[in-house]
Amino acid sequence: MRKHGFLYRVFDLYYDGFRSMTLGRTLWAVIIVKLIIIFAVLKVFFFPDYIGEHAKGDKADFVATQILNQ
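Residues numbered from 1 in each chain as written. Predicted model: local features only at pLDDT ≥ 70, side-chain atom pairs only at ≥ 80, totals over all residues. Heavy atoms only, no water.

**Q** Got a minute to help me understand the overall build of the protein in this structure?
**A** The helix and strand inventory of the protein stands at four helices and zero strands. Mapped from its N terminus to its C terminus, the protein presents α and β elements in the order α-α-α-α. Computed over the C-alpha atoms, the radius of gyration of the protein is 23 Å, more than 25% above the 11 Å expected from 2.2 N^0.38 for a compact globule of 70 residues. Projecting the C-alpha coordinates of the protein onto the three principal axes gives extents of approximately 60 × 30 × 20 Å. (Helix = DSSP H or I, 4+ residues; strand = E, 2+ residues; numbered from the N terminus. Rg over C-alpha atoms; globule rule 2.2 N^0.38 Å.)

**Q** Looking at this structure, how should I read the pattern of salt bridges?
**A** Once their charged atoms are close, side chains differing in charge can pair, the charge on each being opposite to the other. For the structure on display, the rule yields one salt bridge. Salt-bridge contacts for R19 lead to D16; the nearest nitrogen and oxygen are separated by 2.6 Å. Separated by three residues within a single helix, R19 and D16 lie in helix α1 (residues 6-19), roughly one turn from each other. Among the residues examined, D16 registers a relative accessible area of 38% and is labelled partly exposed. (Salt bridge = Lys/Arg side-chain N within 4 Å of Asp/Glu carboxyl O. Buried < 20%, exposed > 50% of the residue type's maximum accessible area, 1.4 Å probe, protein only.)

**Q** Hey, could you run me through the packing of aromatic side chains in this one?
**A** Both the distance between ring centres and the angle between the ring planes are used here to describe each pair of aromatic rings. Taken as a whole and judged by the stated rule, the model has two aromatic pairs. Residues F11 and Y15 carry aromatic rings whose centres are separated by 5.8 Å and whose planes lie at 15° to one another, so their mutual orientation is stacked. Note that F11 and Y15 are positioned in helix α1 at a spacing of four residues, about one turn of the helix. Here the aromatic rings of Y50 and F62 are separated by 6.4 Å at their centres, their planes lie at 45°, and the arrangement is tilted. A residue pair is termed long-range when its members are at least 10 positions apart, and Y50 in helix α3 (residues 50-54) and F62 in helix α4 (residues 59-69) qualify at 12 residues. (Phe/Tyr/Trp six-rings, centres within 6.5 Å; stacked < 30°, edge-to-face > 60°.)

**Q** Is there a simple way to explain helix α2 (residues 23-46) in this structure?
**A** Think of an α-helix as turning once every 3.6 residues; residues three or four places apart then point the same way. Taking 1.5 Å per residue as the helical rise, α2 with its 24 residues ought to reach 34 Å, and the 33 Å between its terminal C-alpha atoms agrees with that figure. The axis of α2 is deflected most strongly, by about 25°, at I37. (Expected span 1.5 Å × (residues − 1). Bend = angle between axes of the 7 residues up to and from the residue.)

**Q** Whenever I open this one, the confidence of the model for the protein confuses me. Can you help?
**A** Close inspection of predicted coordinates is inappropriate in any region flagged by low pLDDT. Here the protein averages 85 in pLDDT, while 96% of its residues score no lower than 70. Between the elements of the protein, mean pLDDT differs from a low of 85, seen in α1, to a high of 91, seen in α4. (pLDDT = per-residue confidence, 0-100.)

In structure tokens, the structure reads:
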């Protein structure tokens, strides 16, 4: 890879920045834990599979009839 190429410079910028972080690693860990909680835990408990439970057959037809009947 060329040392003066754009992609190399972008990669080097991020690599050097993440390598020298101290507080940033802790903040990234907090962000990742929060995303896991939001997408894994909350989705399972607060967003049930309504279409899968109520659709008999094709899910697209069920959604279309629900939208058109409202």
